[in-house]
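Reading the structure
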Amino acid sequence: MSLRLATFNIENLMSRFDFSGFRNNLKQDRVLRLFDVKSEAEYQRLEEARTIAHTDDTRQMSALAIADCDADILCLQEADNMAALQAFEYGYLFRMVGSGYRQKYLIDGNDSRGIDVAVLVREETRDGQKIECVDVKSHAAVTYADFDLFNDALAATNVPGDRVFKRDCLELDFRIGGRPLTLFVVHFKSMGPAREGLDGRTATMPVRRAEAAAVRRIIENRFGADNMAGKMFAICGDMNDYQERIDVLGDRRNGYSFVPRQETQSALDILSHDGFVENTMRRRPELDRWTLFHSRGPEERHLCQLDYIWLSPALAKRNPASVPEIIRAGQPYRTIFPKGQEVERYPRTGWDRPKASDHCPVVISLNV
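What comes next is a walk through the structure. Quick caveat: nothing in here was measured; it's all calculated off a predicted structure.

1. A closer look at the overall build of the chain
Tallying secondary structure elements over the chain gives 6 helices and 16 strands in all. For 368 residues, the compact-globule estimate of 2.2 N^0.38 gives 21 Å, and the chain sits close to it at 20 Å. Once the C-alpha set of the chain is aligned to its principal axes, its extents read approximately 65 × 50 × 45 Å. The 368 residues of the chain split such that 52% are buried. Seen as two clouds, the 51 positive and the 55 negative side-chain charges of the chain have centres 2 Å apart.

If you want it as structure tokens, here you go:
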């Protein structure tokens, strides 16, 4: 029986406004910086109008990207709460795909902004097999001390009693046509600003290493470290890290070139170094595995994979020919595509916004 499994960082599916930009320029939208705003009350009115004006086009594109996934189980990152998820499903997804995702799972996690991981589930697969969610468990309360993960690298910004996951690791047990499948849905620590002479990715690497180690520990505790053979599970989500990237060189006038390179270190090595799980994106060509375009200007541009569906060895072995699909039609026009990978964007896509998300949804068809 076939199951379509997808993951997508939908980006800031929020049901509230953020007015912190009035006092913190780093959080202020670039549009409002163009205007001389006299008071906080005026700023709030303008921010409300700006947010509402941008949101409708953005969510139409997010819904189009999800519709193109045509997933039976969809793992989301950056959902504000269940009310926001339900409003999005009713107001946007329903118009694209009908009443497809009757089952919704979201548990409040640790993110200070309130963005959580969530899972949307159809009642049946496309070939009519019942999808039953047997159990849902949050691991948001796990601390560094619980798993003995605290170290000197973490001590600069954390204490042993701090929670490992900056959002959550949501564990869901399914039965697909009677067969078991377990999902671990995550959203790892973002690559923050540079700190103490380190670039943002390096500075935040210890936190993601701990998150990856905790996910592995949770899985090993669940199934038994010596009893992993034959277990059907997948790890889905935005890992905010990568093991390889494609540097984008050149400019609009002279053209671009794309140079792949392997990273010397990645938090994701903890999951992959001994074959604990398989990144099936490696089944795609080297220049065609990316899910995000990163740019801080002409001097720092690259394509990389931040969004993953890792398969257990048993599940990967059962699906040796399954290759993930990447939905890129919701990318903004500023994303620089390698030659031959260009796609037709969704209607009204902008240079930077509106867009479905900076992240591309990833979907894979699996026999379970």
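Still to come is the rest of the account.
2. Some points on helix H4 (residues 200–223)
The terminal C-alpha atoms of H4 lie 35 Å apart, and with 24 residues this matches the ideal 34 Å at 1.5 Å per residue to within 8%. Residue Pro-206 marks the point of greatest curvature in H4, where the axis turns by about 40 degrees. Counted residue by residue, H4 has 19 buried out of 24 residues, so it is predominantly covered. Two residues or fewer after H4 comes Gly-224, characterised by a positive phi angle close to 95 degrees.

3. What to know about unusual backbone geometry
Look at the link from Arg-353 to Pro-354: it is a cis peptide, with omega at 0 degrees. Topologically, Pro-354 is positioned in the loop between strand E15 (325–326) and strand E16 (362–367). With phi around 50 degrees, Asp-70 is a residue other than glycine that occupies positive phi space. Relative to the helices and strands, Asp-70 is located in the loop between helix H1 (40–69) and strand E2 (73–79). Overall, Asp-70 belongs to the partly exposed group, its relative accessible area being 32%. Of note, Asp-148 is a non-glycine position whose phi angle comes to about 55 degrees, a positive value. Topologically, Asp-148 is positioned in the loop between strand E5 (131–138) and helix H3 (152–155).

4. So, the environment of Thr-204
Considering the arrangement of structural elements, one finds Thr-204 in helix H4. Residue classification places Thr-204 among the buried positions, given a relative accessible area of 9%. Aside from chain neighbours lying at most four places away, what touches Thr-204 is Lys-189, Ser-190, Met-191 and Gly-192. Of the polar contacts made by the side chain of Thr-204, one reaches the backbone oxygen of Arg-201; its length is 3.4 Å.

5. A look at the sheet that holds strand E8 (residues 233–238)
Strand order across the open sheet formed by 6 strands is E5-E6-E7-E8-E14-E11, with mixed pairing between neighbours. Of all the strands in the sheet, the pair left with one neighbour each is E5 and strand E11 (278–279). Its contacts with the sheet place H4 against strand E6 (169–176), strand E7 (179–187) and E8, and it is angled at close to 160 degrees to E7.

6. Brief notes about the pattern of salt bridges
In the structure shown here, the tally under the stated rule is 35 salt bridges. Linking Asp-173 and Arg-222 is a salt bridge whose minimum nitrogen-to-oxygen distance equals 2.9 Å. With a gap of 49 residues between them, Asp-173 in strand E6 and Arg-222 in helix H4 connect regions that are remote in the sequence. Judged by relative accessible area, which is 14%, Asp-173 ranks as buried. Owing to a relative accessible area of 34%, Arg-222 belongs among the partly exposed residues under this scheme. Through salt bridges with shared partners, one network takes in Arg-201, Arg-208, Asp-241, Arg-245, Asp-247, Arg-261 and Glu-263.

7. Section: the sheet that holds strand E10 (residues 255–262)
An order of E10-E9-E13-E12 is seen for the 4 strands of this open sheet, with the pairing classed as antiparallel. This sheet does not close on itself; its edge strands, each paired only once, are E10 and strand E12 (292–295). Strand after strand, the sheet turns through a mean of 25 degrees between neighbouring axes, direction not considered. The sheet contact formed by E12 and strand E13 (residues 301–304) spans 4 bridges and is antiparallel. In the strand pairing of E13, His-294 is matched with His-302.

Rules behind the numbers
Throughout this description, residue numbers start from 1 for each chain and increase along the sequence as written. Per-residue local features of the predicted model are confined to residues with pLDDT of at least 70, and side-chain atom pairs are confined, for both listing and counting, to 80 or more; whole-chain, interface and lining totals are unaffected and use all residues. Side-chain measures were taken over the full set of non-hydrogen atoms in the model, leaving aside hydrogen atoms and water. Strands here mean DSSP runs of E at least two residues long; helices mean DSSP runs of H or I at least four residues long; both are numbered from the N terminus. As defined in this context, the radius of gyration uses C-alpha atoms, and a globule is described by 2.2 Å times the residue total to the power 0.38. Only protein chains enter the accessibility calculation, which uses a 1.4 Å probe; a residue whose area is less than 20% of its type maximum is buried, one above 50% is exposed, and one in between is partly exposed. His is not counted here, nor are the chain ends, while Lys and Arg score as positive and Asp and Glu score as negative. By convention, charge coordinates are those of NZ in Lys, CZ in Arg, CG in Asp, or CD in Glu. Given a helix with a known number of residues, its expected span is that number minus one, times 1.5 Å. Across the chain, bend at a residue is computed as the angle between axes fitted to the seven residues ending at that point and the seven starting from it. Contacts are residue-level and defined by heavy atoms, with any inter-residue pair within 4.5 Å sufficient. In protein, a polar contact requires one atom able to donate a hydrogen and another able to accept it; more generally it is a pair of N or O atoms within 3.5 Å, and residues adjacent in sequence count only if both atoms are side-chain atoms. For two strands to count as paired, DSSP must find a minimum of two bridges between them. Axis definition: a line fitted to C-alpha atoms, limited for helices to the stretch in contact. Angles are taken between N-to-C directions and run from 0 to 180 degrees. Here, a salt bridge means any Lys or Arg side-chain nitrogen found within 4 Å of an Asp or Glu carboxyl oxygen.

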